[in-house]
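# Observations on chain architecture
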Amino acid sequence: MDTLQHAPPVATAPVTPTAPPRISLAEVARQTGAMLGRGNSKQFNAGCPPTMADLTESLFFSPGDGRIWLNDQRMLLMHSSAMGHLRRELIDTLGIARARGLLTRAGYVAGARDAQLVRERWPQGDPAGVFMAGTRLHALEGVVKVTPLRFDFDIDQGRYEGEFLWEHSSEDDEHIAAYGIGTKAACWSQVGYATGYVTSLFGQLVIFRELECRAMGGQACPGGGPPRPRPGAM
Ligand SMILES: [Zn+2]
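Residues numbered from 1 in each chain as written. Predicted model: local features only at pLDDT ≥ 70, side-chain atom pairs only at ≥ 80, totals over all residues. Heavy atoms only, no water.

## So, the overall build of the chain
Across its full length, the chain carries seven helices and nine strands. Going through the 234 residues of the chain one by one, you find that 44% of them count as buried. Summarising the internal contacts of the chain: among those between residues at least 6 apart in sequence, 67% fall at separations of at least 24. (Helix = DSSP H or I, 4+ residues; strand = E, 2+ residues; numbered from the N terminus. Buried < 20%, exposed > 50% of the residue type's maximum accessible area, 1.4 Å probe, protein only. Contact = heavy atoms within 4.5 Å.)

Right, here's the structure in full:
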């Protein structure tokens, strides 16, 4: 288990309680996409920054003033069961389609914010490493373990393909606890996060899907981004 940073009291905690400079995600994507170029899983060097250790060092607990920071972004340490409760209430009150849309978009925002964080903190990062940082952040945040099976992208050519294996999804834990095993993929905010992260780096919409899901009876949740969705999933 990684050792997390415990920030000293307020005075030396990371300082950005006020709003950081605002920039649209489209602008971030335009600026960063031009620099990232291309990359693939074969070129990926696990030692290139940001490593998991680098990302972990961006996490600060500041219990003295009631804040947790991931670099300059305020974070929350929440009970997975509370998110499960919220999820059930959303499904019960709004219906499954609207609940899915809402949670997918919330996940998208989280992924986009993390992509922005990585580009701002590691502006010279290796392209493959920058894309991979999203998988590490998602794990660091306790949401899911993400293993890249293969990815290849060329931003100039508008091409992205990636295959990943999501394991230990907290969203699946809560969905299965509430509804049992069903016939549909359930990791909505998880794929929303991946979509938001990659889209923000890539500069155009890259929609991720689960091809199978633990909520459908599988052992894990394989999936990814274009180009080959299978019928019946998500
Ligand atoms: Zn799943």
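## Notes on the coordination of the zinc ion
Looking at the zinc ion, one finds its protein donor set to be Asp172 (OD), Cys187 (SG), Glu210 (OE), Cys213 (SG) and Cys221 (SG), positioned 2.1 to 2.5 Å from the metal centre. Within one chain, the residues serving as donors to the zinc ion are arranged as D-x14-C-x22-E-x2-C-x7-C. Of the two residues, Glu210 is situated in strand E8 (residues 209–210) and Cys221 in strand E9 (residues 221–225); the sequence distance between them amounts to 11 residues. In terms of burial, Glu210 and Cys221 fall into one category: buried. (Donors = N, O, S within 2.8 Å, 3.2 Å for Na, K, Ca; no water.)

## Some points on unusual backbone geometry
Cis rather than trans, the peptide bond between Pro49 and Pro50 has omega equal to 0°. With respect to the helices and strands, the residue Pro50 is situated in the loop between strand E2 (38–40) and helix H2 (52–56). The phi angle at Asn71 is positive, at roughly 55°, despite the residue not being glycine. Judged by its relative accessible area of 18%, Asn71 falls in the buried class.

## Some words on the pattern of salt bridges
Evaluated as defined, the whole model comprises eight salt bridges. In this structure, Arg214 engages Asp173 in a salt bridge whose closest nitrogen and oxygen atoms are separated by 2.8 Å. Here Arg214 is found in the loop between E8 and E9, whereas its partner Asp173 is found in helix H6 (residues 170–179), with 41 residues between them in sequence. Since its relative accessible area comes to 18%, Arg214 is described here as buried. Given the relative accessible area of 41%, Asp173 is considered partly exposed. (Salt bridge = Lys/Arg side-chain N within 4 Å of Asp/Glu carboxyl O.)

## Quick notes on the sheet that holds strand E7 (residues 159–167)
Strand order in the open sheet formed by five strands is E2-E6-E7-E9-E8, with antiparallel pairing between adjacent strands. Edge positions in the sheet fall to E2 and E8, since each has one partner strand and no second. (Pairing = 2+ DSSP bridges.)

## Notes on the confidence of the model for the chain
For the chain, the average pLDDT comes to 86, and 82% of its residues sit at 70 or higher. pLDDT under 50 marks residues 6–17. Its contacts with residues more than four places away, or in other chains, come to 15 contacts. For this predicted complex, the interface confidence reaches an ipTM of 0.99, while the overall pTM sits at 0.83. (pLDDT = per-residue confidence, 0-100.)

## Focus: the packing of helix H5 (residues 127–140) against helix H7 (residues 188–202)
Where H5 contacts H7, the axes come no closer than 10 Å and their chain directions differ by 155°. Our classification of the angle between H5 and H7 gives roughly antiparallel. You can see that H5 and H7 cross each other, and the crossing is right-handed. For the pair H5 and H7, the contacting residues are Val130, Phe131, Ala133, Gly134, Leu137 and His138 in the first and Gln190, Tyr193, Tyr197, Val198, Leu201 and Phe202 in the second. (Axes fitted to C-alpha atoms, helices over the stretch in contact; angles between N-to-C directions. Parallel < 35°, antiparallel > 145°, perpendicular 65-115°, else oblique. Left-handed = near helix turned anticlockwise from the far one by under 90°.)

## As for the nonpolar core
Ranked by internal contacts, the top residues of the largest apolar core, which has 41 residues, are Phe131, Tyr160, Tyr197 and Phe208. The next biggest cluster of nonpolar side chains, apart from the first, holds five residues, and it includes Leu90, Ile91, Ala99 and Trp188. (Core = buried A, V, L, I, M, F, W, Y, C linked by side-chain atoms within 4.5 Å.)

## Quick notes on the packing of aromatic side chains
The description of two aromatic rings rests on the distance between their centres and on the angle between their planes. Throughout the structure, instances matching the rule amount to eight aromatic pairs. An aromatic cluster of at least three residues, connected via ring pairs, comprises Phe131, Phe151, Phe153, Tyr160, Phe164, Phe202 and Phe208. The ring of Trp188 carries Arg87 above its face, with NZ or CZ at 4.1 Å from the centroid. Its guanidinium or amino end placed over the ring of Trp122, Arg121 lies 5.1 Å from that ring's centre, counting from NZ or CZ. (Phe/Tyr/Trp six-rings, centres within 6.5 Å; stacked < 30°, edge-to-face > 60°. Lys NZ or Arg CZ within 6 Å of the ring centre and 35° of its normal.)

## Comments concerning the side chain of His138
Looking at the element boundaries, His138 is found in helix H5. Leave out the neighbours within four places in its chain, and His138 touches Val143, Val144, Val146, Gln190 and Tyr193.

## Remarks on the environment of Glu174
Assignment of secondary structure puts Glu174 in helix H6. On the basis of relative accessible area, Glu174 is assigned to the buried category, the value being 15%. Here the alpha-carbon distance between Glu174 and Ser80, two residues 94 residues apart in the chain, equals 7.4 Å. What Glu174 contacts, discounting residues up to four positions off in sequence, is Ser80, Ser81 and Gly84.

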